[in-house]
Amino acid sequence: MQAEEVRGAFIHEQIHSIDELIDLYSDDLLRLIFSYVHNKATAEDLLQEVFVKCYKQISFFRGEANIKTWLYRIAVNQCKDYLKSWHVRKVMLHEKWNQFVHKSRENELEKTVLQLTEKEVLANVVMTLPMKYREIIYLFFYEDYSITEISEIISVNPNTVKTRLKRGKELVKLEYERRNRDE
Amino acid sequence: MRGGTEMNEQLKQLKEAFDSTYFHKVQLSKDRKKQIKRIVREKIAFSYEADVVEEVLLAIKNKALSGFDILKALRLSDRNRFENSEGELYAYLHYLEQERMLIGHWIDVDGSKSKYYSLSTKGIKYLNKLQKVTKSKQVLFNRLEGERT
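Residues numbered from 1 in each chain as written. Chains lettered and ligands numbered in written order. Predicted model: local features only at pLDDT ≥ 70, side-chain atom pairs only at ≥ 80, totals over all residues. Heavy atoms only, no water.

**Brief notes about the packing of aromatic side chains**
Part 1 of the reasoning: Across all of its chains, the model carries ten aromatic pairs over all chains by this definition.
Part 2 of the reasoning: Between Tyr142(A) and Phe18(B), the aromatic rings sit 6.1 Å apart at their centres with planes inclined by 50°, giving tilted as the arrangement. Placement of the pair is Tyr142(A) in helix 8 (residues 131-142) and Phe18(B) in helix 2 (residues 14-20), with the two residues belonging to separate chains.
Part 3 of the reasoning: Relative to Tyr22(B), the ring of Phe18(B) lies with its centre 5.9 Å away and its plane at 70°, an arrangement referred to as edge-to-face.
Part 4 of the reasoning: Since its relative accessible area comes to 1%, Phe18(B) is described here as buried.
Part 5 of the reasoning: Counting every residue linked through ring pairs, the aromatic cluster contains Phe34(A), Tyr138(A), Tyr142(A), Phe18(B), Tyr22(B) and Phe23(B). (Phe/Tyr/Trp six-rings, centres within 6.5 Å; stacked < 30°, edge-to-face > 60°. Helix = DSSP H or I, 4+ residues; strand = E, 2+ residues; numbered from the N terminus. Buried < 20%, exposed > 50% of the residue type's maximum accessible area, 1.4 Å probe, protein only.)

**Overview of the packing of helix 2 (residues 18-37) of chain A against helix 8 of chain A**
Residue and element names in this part refer to chain A.
Part 1 of the reasoning: Remark: helix 2 packs on helix 8, axes separated minimally by 10 Å, with the N-to-C direction vectors making an angle of 155°. As far as their axial angle goes, helix 8 and helix 2 are roughly antiparallel. Crossing angle aside, the handedness with which helix 2 passes helix 8 is right-handed. Facing Arg31, Leu32, Ser35 and Tyr36 of helix 2, the residues of helix 8 in contact are Met131, Arg134, Glu135, Tyr138, Leu139 and Tyr142.
Part 2 of the reasoning: Here the contact of helix 2 with helix 8 is composed, by residue class, of six nonpolar, one polar and three charged. (Axes fitted to C-alpha atoms, helices over the stretch in contact; angles between N-to-C directions. Parallel < 35°, antiparallel > 145°, perpendicular 65-115°, else oblique. Left-handed = near helix turned anticlockwise from the far one by under 90°. Contact = heavy atoms within 4.5 Å. Nonpolar A, V, L, I, M, F, W, Y, C, P; charged D, E, K, R; others polar.)

**Quick word on unusual backbone geometry**
Part 1 of the reasoning: The phi angle at Asp144(A) is positive, at roughly 60°, despite the residue not being glycine.
Part 2 of the reasoning: Mapped onto the elements of the fold, Asp144(A) is located in the loop between helix 8 and helix 9 (147-154).
Part 3 of the reasoning: The exposure class of Asp144(A) is exposed, given its relative accessible area of 63%.
Part 4 of the reasoning: Even without glycine at this site, Arg100(B) takes up a positive phi of about 60°.
Part 5 of the reasoning: Following the sequence through the fold, Arg100(B) ends up in the loop between helix 6 (86-98) and strand 2 (102-109).
Part 6 of the reasoning: We classify Arg100(B) as exposed; its relative accessible area is 62%.

**Looking at the packing of helix 2 of chain A against helix 3 (residues 30-47) of chain B**
Part 1 of the reasoning: The interhelical angle for the contact between helix 2 of chain A and helix 3 of chain B, taken along N-to-C directions, is 135°, at an axis separation of 10 Å. Taken together, the axis directions place helix 2 of chain A and helix 3 of chain B in an arrangement best described as oblique. When you trace helix 2 of chain A past helix 3 of chain B, the crossing you get is right-handed. Facing helix 2 of chain A, whose interface residues are Ile18(A), Asp19(A), Ile22(A), Asp23(A) and Ser26(A), helix 3 of chain B presents Lys33(B), Ile36(B), Lys37(B), Val40(B), Arg41(B) and Ile44(B).
Part 2 of the reasoning: Here the contact of helix 2 of chain A with helix 3 of chain B is composed, by residue class, of five nonpolar, one polar and five charged.

**Digging into the confidence of the model for chain A**
Fine structural detail should not be taken from predicted coordinates in areas where pLDDT scores are low.
All names here are of chain A.
Part 1 of the reasoning: Averaged over every residue, the pLDDT of chain A is 81; the share at 70 or more is 75%.
Part 2 of the reasoning: At the level of individual helices and strands, chain A shows its lowest average pLDDT in helix 1 (residues 3-14), which scores 44, and its highest in helix 8, which scores 97.
Part 3 of the reasoning: Overall, residues 1-15 carries pLDDT values under 50, and its contacts beyond four positions in sequence, including any with other chains, amount to 38 contacts. (pLDDT = per-residue confidence, 0-100.)

**Quick look at the environment of His105(B)**
Residue and element names in this part refer to chain B.
Part 1 of the reasoning: Looking at where histidine 105 falls in the secondary structure, it is placed in strand 2.
Part 2 of the reasoning: Among the residues examined, histidine 105 registers a relative accessible area of 33% and is labelled partly exposed.
Part 3 of the reasoning: Histidine 105 sits 40 residues away from leucine 65 along the chain, and the two C-alpha atoms are 9.9 Å apart.
Part 4 of the reasoning: In contact with histidine 105, other than residues within four places in its own chain, are Ser114, Lys115, Tyr116 and Ser118.

**Comments concerning the interface of chain B and chain A**
Part 1 of the reasoning: Across the contact, 51 residues belong to chain B and 51 residues belong to chain A.
Part 2 of the reasoning: Carbon and sulfur atoms supply 66% of the area buried between chain B and chain A, which totals about 5,000 Å² over both sides.
Part 3 of the reasoning: There are six salt bridges connecting chain B and chain A.
Part 4 of the reasoning: Seen at the junction of chain B and chain A, the total is eleven residue pairs in polar contact (both at pLDDT 80 or more). (Buried area = accessible area lost by both parts, 1.4 Å probe. Salt bridge = Lys/Arg side-chain N within 4 Å of Asp/Glu carboxyl O. Polar contact = N/O pair within 3.5 Å; in protein donor to acceptor, adjacent residues only side chain to side chain.)

Structure, rendered in structure tokens:
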């Protein structure tokens with residue numbers, strides 16, 4: 001069998017119909033995407049694009065990764081492209097400005113923070129981490145991915161993943177300490 | 001406050017923590033999922049070029065061919081469409097199989113399995129339609145060319 005034929009056969013074994021892929025992975029992907037964009041409607045739109053893209057990039061799928069890891073990788077890139085886009089950056093700047101103007105309102109928010117349950121605090125602390133730490137904490141602790149798998153998904157070398165995971169945990173700890181101090 | 005190991009213990013509850021808070025409503029409704037399936041299929045269909053589809057279907061019109069044979073057949077035609085992107089041809093084949101335009105069979109050739117493709121009834125009808133469109137385009141093109149000279 002020719003090499004290209006083997007690869008073709010492989011693709012056929014691995015990739016099911018698009019409907020099947022959507023049934024199998026849309027919920028996992030949607031949560032992953034949400035952890036980047038923090039908005040359900042945006043996450044659903046991006047999810048759609050991920051599935052379209054996965055079919056367009058089928059020729060790059062070599063089979064060394066499993067299909068879910070591969071989809072995650074496409075999703076992560078999609079999210080980062082989205083967050084880098086001009087429109088989003090403008091909106092985020094706007095939100096920061098609003099926060100600045102309505103400082104008093106922020107105190108109200110702090111009050112409710114104190115009433116959060118332990119789980120809510122943990123979720124909130126992780127969700128507000130800078131993206132490069134949050135994504136790794138998410139993939140490691142929520143998805144149980146290994147360092148090697150994470151390095152494939154976010155296209156960063158394994159040592160950097162390790163360093164960021166360590167630093168991410170430190171940041172979570174510091175944030176806990178800060179919140180306790182303020183209490 | 002907490003040591004490194006304690007932090008690990010804490011973070012092990014992240015799944016529960018996220019699922020009961022942020023992710024509580026992060027899931028697709030049945031209708032939304034259906035809608036996404038439809039839109040994705042439409043967008044995918046749109047990204048395939050009709051004349052490539054026509055060539056692929058034409059190549060297997062008279063006999064079943066393997067992906068590699070189809071690639072060779074397309075390379076013989078002047079377009080050389082998949083010269084550096086053989087994988088893309090398999091995307092087409094997969095797509096056309098999903099749409100039931102062609103039927104794939106695994107056949108044992110000298111001890112190794114190869115997939116052979118043949119046209120389905122739906123595929124034959126579709127090919128005829130495509131060829132008609134191409135023909136009318138050609139007629140129109142010739143007429144325009146004729147008018148110019």
